[in-house]
Amino acid sequence: MAQRKNGPQSYARKIGVDDRPSKEEYYLNIADEVSKRSPCVRRQYGAVIVIEDAIVSTGYNGPARGVVNCTEVGCLKEELNLPHYSGYDFCTAVHAEENAVINAARNGSRILGGKLYLSGRDYKTGAQVEGVPCPRCKRALINAGIKEVVSTNSEGKIVSFDVKNWVEEDTKIYLEKLKEAKESKTHI
């Protein structure tokens with residue numbers, strides 16, 4: 001049998017297959033596209049839930065269905081000059097992670113054991129921002145049965161979070177706050 005001069009490897013190089021993104025990059029790129037639907041005027045996040053290498057749900061941060069959004073009336077957190085990752089009580093947004101879980105439920109999609117990919121951008125600069133779920137979203141992801149969250153850190157490197165570690169982390173934080181509250185009562 002004659003040997004081909006242009007075997008699969010040279011053809012792959014010719015069409016750029018060697019340059020294709022990793023699975024993590026692929027799903028994070030899709031999450032980044034989803035984030036562009038966000039009406040947030042501070043930070044736009046997108047989330048994608050994947051089960052067995054198939055996208056089952058997406059979500060972006062924005063107000064509950066029918067509730068006014070910041071692009072229409074302005075942002076209360078911006079007016080109060082609140083720092084990022086704070087002031088959640090001043091915002092009408094449902095977070096991207098929560099919306100991905102909710103959208104999966106609305107469509108009857110199974111997400112137990114899935115991976116969530118999270119990407120965020122600064123609205124004003126367009127720069128990629130770190131994607132770390134807030135405590136409320138961590139609890140929702142724990143209860144939804146998501147096993148792993150893949151995002152990027154402040155340097156833009158891909159990071160992975162094992163959700164079961166958040167159970168221990170949340171328990172530790174709660175017990176520390178409870179202890180502080182009890183101790184402050186005894187010193188009054």
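Residues numbered from 1 in each chain as written. Predicted model: local features only at pLDDT ≥ 70, side-chain atom pairs only at ≥ 80, totals over all residues. Heavy atoms only, no water.

Caption draft 1: Spotlight on the overall build of the protein chain. Counting secondary structure elements, the protein chain contains 7 helices and 8 strands. Looking at the protein chain as a whole, 36% of its 188 residues are labelled buried. Excluding contacts between residues fewer than 6 apart, the proportion of contacts in the protein chain whose partners are at least 24 apart in sequence is 64%. Carbon and sulfur atoms form 52% of the exposed surface of the protein chain, whose accessible area is close to 12,300 Å². (Helix = DSSP H or I, 4+ residues; strand = E, 2+ residues; numbered from the N terminus. Buried < 20%, exposed > 50% of the residue type's maximum accessible area, 1.4 Å probe, protein only. Contact = heavy atoms within 4.5 Å. Areas by Shrake-Rupley, 256 points an atom, 1.4 Å probe, with all protein chains shown as cover.)

Caption draft 2: Expanded view of the pattern of salt bridges. If you walk through the whole model with that rule in mind, you get 11 salt bridges. A salt bridge links E98 to R136; the shortest N-O distance between them is 2.8 Å. Here the residue E98 occupies a position in helix α5 (residues 96–106), and R136 occupies one in helix α6 (residues 135–144), the gap between them amounting to 38 residues. The buried category is assigned to E98, whose relative accessible area is 13%. With a relative accessible area of 35%, R136 lands in the partly exposed category. One connected set of salt bridges, linked through shared partners, spans R42, E78 and K124. (Salt bridge = Lys/Arg side-chain N within 4 Å of Asp/Glu carboxyl O.)

Caption draft 3: Fine view of the environment of I30. Of note, I30 is situated in helix α2 (residues 23–35). Linking I30 and L118, residues 88 residues apart in sequence, is a C-alpha distance of 9.4 Å. Discounting residues that sit within four places of it in the chain, I30 has contacts with V48 and I55.

Caption draft 4: Looking closely at a nonpolar patch on the surface. On the surface, V67, V68 and V73 cluster together into a nonpolar patch covering about 240 Å² of accessible area. For V73, the position within the fold is in helix α3 (residues 70–73). (Patch = residues over 30% accessible without salt bridge, like charges linked within 9 Å, V, L, I, M, F, W, Y side chains within 5 Å.)

Caption draft 5: Just the packing of aromatic side chains, in detail. Summed over the entire model, instances satisfying the criterion amount to 3 aromatic pairs. Relative to W166, the ring of F161 lies with its centre 6.0 Å away and its plane at 40°, an arrangement referred to as tilted. The rings of Y26, Y27 and Y117 are connected pair by pair, giving a single aromatic cluster. (Phe/Tyr/Trp six-rings, centres within 6.5 Å; stacked < 30°, edge-to-face > 60°.)

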